[in-house]
Amino acid sequence: MGAVELTSAARDLTTTARMMMQAGKGILAMDESNPTANRRFAKLGIPQTVDARRAWRELILTTPGLGEYISSAILYDETIRQTASDGRPFLVLLAKAGIIPGIKVDAGTKDLAAHPGEKVTEGLDRLRERLTEYRQMGARFAKWRAVIAIGEGIPSPGCLLANAHALARYAGLCQEVGLVPIVEPEVLMDGGHTLERCAEVTEATLHVVFDQLHAQRILLEGIILKPNMVLSGADCPVQAGVEEVADTTVKVLLRTVPAAVPGIAFLSGGQSAEMASVRLNAMNVRWRDKAPWALTFSFSRAIQQPAMDVWKGDARQASAAQAVLKQRARANGMARGGVYQPPS
Ligand code: 5MM
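For the structure given in this document, a descriptive report is provided here. Treat the numbers as computed from the prediction; the structure is a model and nothing was measured. (Residues numbered from 1 in each chain as written. Predicted model: local features only at pLDDT ≥ 70, side-chain atom pairs only at ≥ 80, totals over all residues. Heavy atoms only, no water.)

Next up on the list: the site of the ligand. Within the structure, the ligand sits among 17 residues, and Ser33, Thr36, Lys104, Lys143 and Ser268 are positioned closest to it. At 2.6 Å from an oxygen atom of the ligand is found a side-chain nitrogen or oxygen belonging to Thr36. About the coverage of the ligand: the protein hides 92% of its 510 Å² of free accessible area. Here the ligand is seated within the largest pocket. Those elements giving two or more residues to the shell around the ligand turn out to be β6 (141–148) and β7 (180–187). Of the residues assigned to the shell around the ligand, the class counts are three nonpolar, five polar and nine charged. (Near = heavy atom within 4 Å. Polar contact = N/O pair within 3.5 Å; in protein donor to acceptor, adjacent residues only side chain to side chain. Areas by Shrake-Rupley, 256 points an atom, 1.4 Å probe, with all protein chains shown as cover. 1 Å grid on protein atoms, 1.4 Å probe; cavity = no way out; pocket = protein on both sides within 12 Å on 5 of 7 lines; lining within 4 Å. Sits in = over half its atoms within 2 Å of the grid points. Helix = DSSP H or I, 4+ residues; strand = E, 2+ residues; numbered from the N terminus. Nonpolar A, V, L, I, M, F, W, Y, C, P; charged D, E, K, R; others polar.)

Remark: helix α11 (residues 301–311) packs on helix α12 (residues 318–336), axes separated minimally by 8 Å, with the N-to-C direction vectors making an angle of 160°. Relative to α12, the element α11 is oriented roughly antiparallel. Every pair of crossing elements has a handedness; the one defined by α11 and α12 is right-handed. On α12, the residues that touch Ala302, Ile303, Gln304, Pro306, Ala307, Val310 and Trp311 of α11 are Ala318, Ala320, Ala321, Val324, Leu325, Arg328 and Asn332. (Axes fitted to C-alpha atoms, helices over the stretch in contact; angles between N-to-C directions. Parallel < 35°, antiparallel > 145°, perpendicular 65-115°, else oblique. Left-handed = near helix turned anticlockwise from the far one by under 90°. Contact = heavy atoms within 4.5 Å.)

The subject of this paragraph is the side chain of Asn332. Along the chain, Asn332 turns up in helix α12. Once you skip the residues sitting within four places of it in the chain, Asn332 turns out to touch Ser277, Leu280, Phe297, Phe299, Ala302 and Ile303.

What describes a pair of aromatic rings is the distance from one ring centre to the other and the angle between the planes of the rings. Taken as a whole and judged by the stated rule, the model has four aromatic pairs. An aromatic cluster is defined as three or more aromatic residues linked by ring pairs; in this entry it consists of Phe41, Trp56 and Trp311. We note Lys290 situated over the ring of Trp287; from NZ or CZ to the ring centre the distance is 5.2 Å. (Phe/Tyr/Trp six-rings, centres within 6.5 Å; stacked < 30°, edge-to-face > 60°. Lys NZ or Arg CZ within 6 Å of the ring centre and 35° of its normal.)

Encoded structure:
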């Protein structure tokens, strides 16, 4: 067990984590790797180029008032080094908006040997050096995503352990250099499984993750957890209602996530933007007084997609797209406080 009194380095981590979890705000994930960003562009006929990716990220970062609802933004290696068309570095735009910069540092998923249908996230090689560089550039936190699929006989214990161990090793290296690790074990919503099966797998996953975080001596006060919501599989014929999703998700988290963790910031995982907001709102309405941690968002698609559908790579649509982006950020900021009113 770590010392109960925090060192000053540990206090810095906890301060950053608490700032990321401030009331009425959440985290914007804009850390899509190039293949993912290109895939989303291709669907809308947007050129899959560095310039188009830069223009999209500039549109996001110059959205007026974004910092009213966004505490922090997760960047990608290409993005953290980019500048706006007027020459200002993206990191300067973020500072101007009062948004804390962070960086995705995993190197993506690969097939896990001897485990058909399962993945393991790579990226531990040279991670210490990469984290040090990002810290020097101004990043204050990092993100690593593990992916757990639900299927016949999966996830296996070997897959859960391999992914949780990597998450914990990453978290330790982050805290060593003063970066708050966002720990993201994503149980995928793909498949025909029930809500109960998702709850069972999410609970098993989080148990192993926190066991490994403990084994690697991670300061829990200095991490943010980024889990999936507990949902019916996308192809399940019976889709759980909003309150059932909210209650099941929080009950699973209460069983697995220590109260020392300052905040939980959900991924959207392919839900519609509106459902992601409504479900987060329900969690805060129903559990705000009982949950020991902040419950907020760290959405990518559920914030960006409606705006990208308006933009479609056309500069003339930039202002309209920014208005939609701000609307989604505001909806989620409200949901963070349990005061979101969906449009009637
Ligand atoms: C699950 O993906 C994360 C949250 O995004 P959604 O809210 O859209 O589910 C997201 O941060 C993701 O980890 C990044 O976009 C990076 O993904 P790739 O697949 O490009 O590594």
